[in-house]
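Secondary and tertiary structure notes
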Amino acid sequence: MKTISTDNSHGGTQGVYVNRSDVCDCDMTFAVFLPPQAKGRKLPVLWYLSGLTCTHAVMDKGEYRRLAAELGIVIVCPDTSPRGDAVPDEPDNWQFGKGAGFYVDATEPPFAQNYRMYSYVVDELPKLIAAEFPVDMTRQGIFGHSMGGHGAITIALKNPERFSSCSAFAPISHPSVSGWSKPAFQKYLGSDETRWRAYDACSLIEDGHRFPEFLVDQGTADSFLEDGLRPEELRQACETAGISLRLRMQEGYGHSYFFISTFMEDHLRWHARRLGD
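These remarks concern the structure in this document. None of these values were measured; they are calculated from a predicted model.

**As for the pairing of strand 8 (residues 213-219)**
Sheet faces and side chains relate simply in a regular strand, where the side chains alternate between the two faces. Within strand 8, six of the seven residues are buried, which leaves the element mostly enclosed by the surrounding structure. Of the pairings in the sheet, the one linking strand 7 (residues 163-169) to strand 8 comprises three bridges and is parallel in character. Considered in strand 8, the bridge of Phe169 is made with Asp217. Sheet analysis places strand 8 next to strand 9 (residues 244-250), joined by seven bridges and oriented parallel. Each residue of the ladder has a partner; that of Asp217, found in strand 9, is Arg248.

**Points about the nonpolar core**
Among the nonpolar cores identified, the biggest contains 92 residues, and Phe102, Tyr188 and Phe214 are the most heavily contacted of them. Phe102 has contacts with Leu52, Thr80, Gln95, Met147, His150, Ile172, Trp180, Ser181, Ala184, Phe185 and Tyr188, leaving out every residue within four places of it along the chain.

**A closer look at the side chain of Gln218**
On the secondary structure map, Gln218 appears in strand 8. Exposure remark for Gln218: the relative accessible area of 1% places this residue in the buried category. A distance of 3.2 Å separates a polar atom in the side chain of Gln218 from a polar atom in the side chain of Asp222. Sequence-distant contacts of Gln218, that is, excluding residues within four places in its chain, are made with Ala170, Leu225, Leu229, Pro231, Leu247, Arg248, Met249, Gln250 and Phe259.

**Description of helix 8 (residues 257-275)**
Note on helix geometry: an α-helix contains 3.6 residues per turn, so any two residues three or four positions apart are oriented the same way. In the structure, helix 8 departs most strongly from a straight axis at Phe263, where the bend amounts to approximately 45 degrees. Where helix 8 is concerned, the buried positions are Tyr257, Phe259, Ile260, Ser261, Phe263, Met264, His267, Leu268, Trp270, His271, Ala272 and Leu275. N-cap assignment for helix 8: the residue whose side-chain oxygen lies 3.2 Å from the backbone N of Phe258 is Ser256. Within two residues after helix 8, Gly276 carries a phi angle of roughly 70 degrees, on the positive side.

**Side note on the pattern of salt bridges**
Under the counting rule described, the total for this entry stands at 20 salt bridges. With its nearest N and O atoms 2.6 Å apart, the salt bridge here joins Arg274 to Glu213. With Arg274 in helix 8 and Glu213 in strand 8, the pair connects residues that are 61 residues apart, well separated along the chain. Relative accessible area serves as the criterion here: at 27%, Arg274 is assigned to the partly exposed category. When its relative accessible area of 25% is taken as the criterion, Glu213 is described as partly exposed.

**Concerning the packing of aromatic side chains**
A complete count under the given rule lists 21 aromatic pairs for this structure. A centroid spacing of 4.9 Å and a plane angle of 90 degrees characterise the contact between Phe96 and Phe111, whose relative ring orientation is edge-to-face. Of this pair, Phe96 sits in the loop between strand 5 (74-78) and helix 2 (117-132) while Phe111 is found in the loop between strand 5 and helix 2, placing the two residues 15 residues apart along the sequence. Between Phe111 and Tyr115, the aromatic rings sit 5.9 Å apart at their centres with planes inclined by 75 degrees, giving edge-to-face as the arrangement. Given a relative accessible area of 10%, Phe111 falls into the buried group.

**Quick word on the sheet that holds strand 8**
Taking strand neighbours across the sheet as the criterion, the nine strands line up as 1-2-3-5-4-6-7-8-9 in an open arrangement whose pairing is mixed. The open sheet has two edge strands, strand 1 (2-9) and strand 9, and neither has a second partner. For this sheet the average axis-to-axis angle between neighbouring strands, irrespective of direction, equals 20 degrees. In terms of strand pairing, strand 6 (residues 135-145) meets strand 7 through six bridges, oriented parallel. Counted as the bridge partner of His145 is Phe169 from strand 7. Sheet contacts for helix 2: strand 2 (12-21), strand 3 (26-34), strand 4 (43-49), strand 5 and strand 6; angle to strand 3, the most-contacted strand, approximately 55 degrees.

Cut-off values and rules
Residues numbered from 1 in each chain as written. Predicted model: local features only at pLDDT ≥ 70, side-chain atom pairs only at ≥ 80, totals over all residues. Heavy atoms only, no water. Buried < 20%, exposed > 50% of the residue type's maximum accessible area, 1.4 Å probe, protein only. Helix = DSSP H or I, 4+ residues; strand = E, 2+ residues; numbered from the N terminus. Pairing = 2+ DSSP bridges. Core = buried A, V, L, I, M, F, W, Y, C linked by side-chain atoms within 4.5 Å. Contact = heavy atoms within 4.5 Å. Polar contact = N/O pair within 3.5 Å; in protein donor to acceptor, adjacent residues only side chain to side chain. Bend = angle between axes of the 7 residues up to and from the residue. Salt bridge = Lys/Arg side-chain N within 4 Å of Asp/Glu carboxyl O. Phe/Tyr/Trp six-rings, centres within 6.5 Å; stacked < 30°, edge-to-face > 60°. Axes fitted to C-alpha atoms, helices over the stretch in contact; angles between N-to-C directions.

Encoded structure:
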């Protein structure tokens, strides 16, 4: 791990780091906010997964550090995809390739060599974080936005023993059928749609995966609401499975970080209550 930068913030430290990823076969950049309490003990860790076109740095617009410092929570922000000149990409397609890893482990060439974001976020990066930072890995939460909300919910459903909490802002709830994710799934995972179910929140719930509860905020003025995000389908899946879902439709809000920053405090406090002391 190499340090790119560190800055003081709200009594803590905001750092940006890079590691050579074996699973993604490239250098990966990530950000970690350490609150001031980290100087004396291990703290709970909250993973934030970003959306399409974003990097580890987009969470800077989330206005989270002041409250994370108050609550004593470490925030880790991975990148959204592998990077580098050797990584295959579709530069003119913002819904696929670099910036659009969808938190899956690709199986189709030429993407299978690098696009293994599920394994990077679930296995490789947590091992590095546990080794290098004062975190209590028995107290982990996960949340995210849009594509990252999809990633957070699917990862929680597949790893319920690891995470104490999960929430999302405007998640892609049913990516197997959504217009802006279905083409990416086909390129990453192949034409057999039964293989897509392992990375689809609604399908995972239908197939028996469970998580105790979710908090989801969704703007009613979000231009991606009907085709891309489909929150009502997540509501129906959770109701059928008996999963507690608090779905808050926020009147007049869109898809941007103006929306996310408005409700960030609610999410951080919600996670803090479940991560405990």
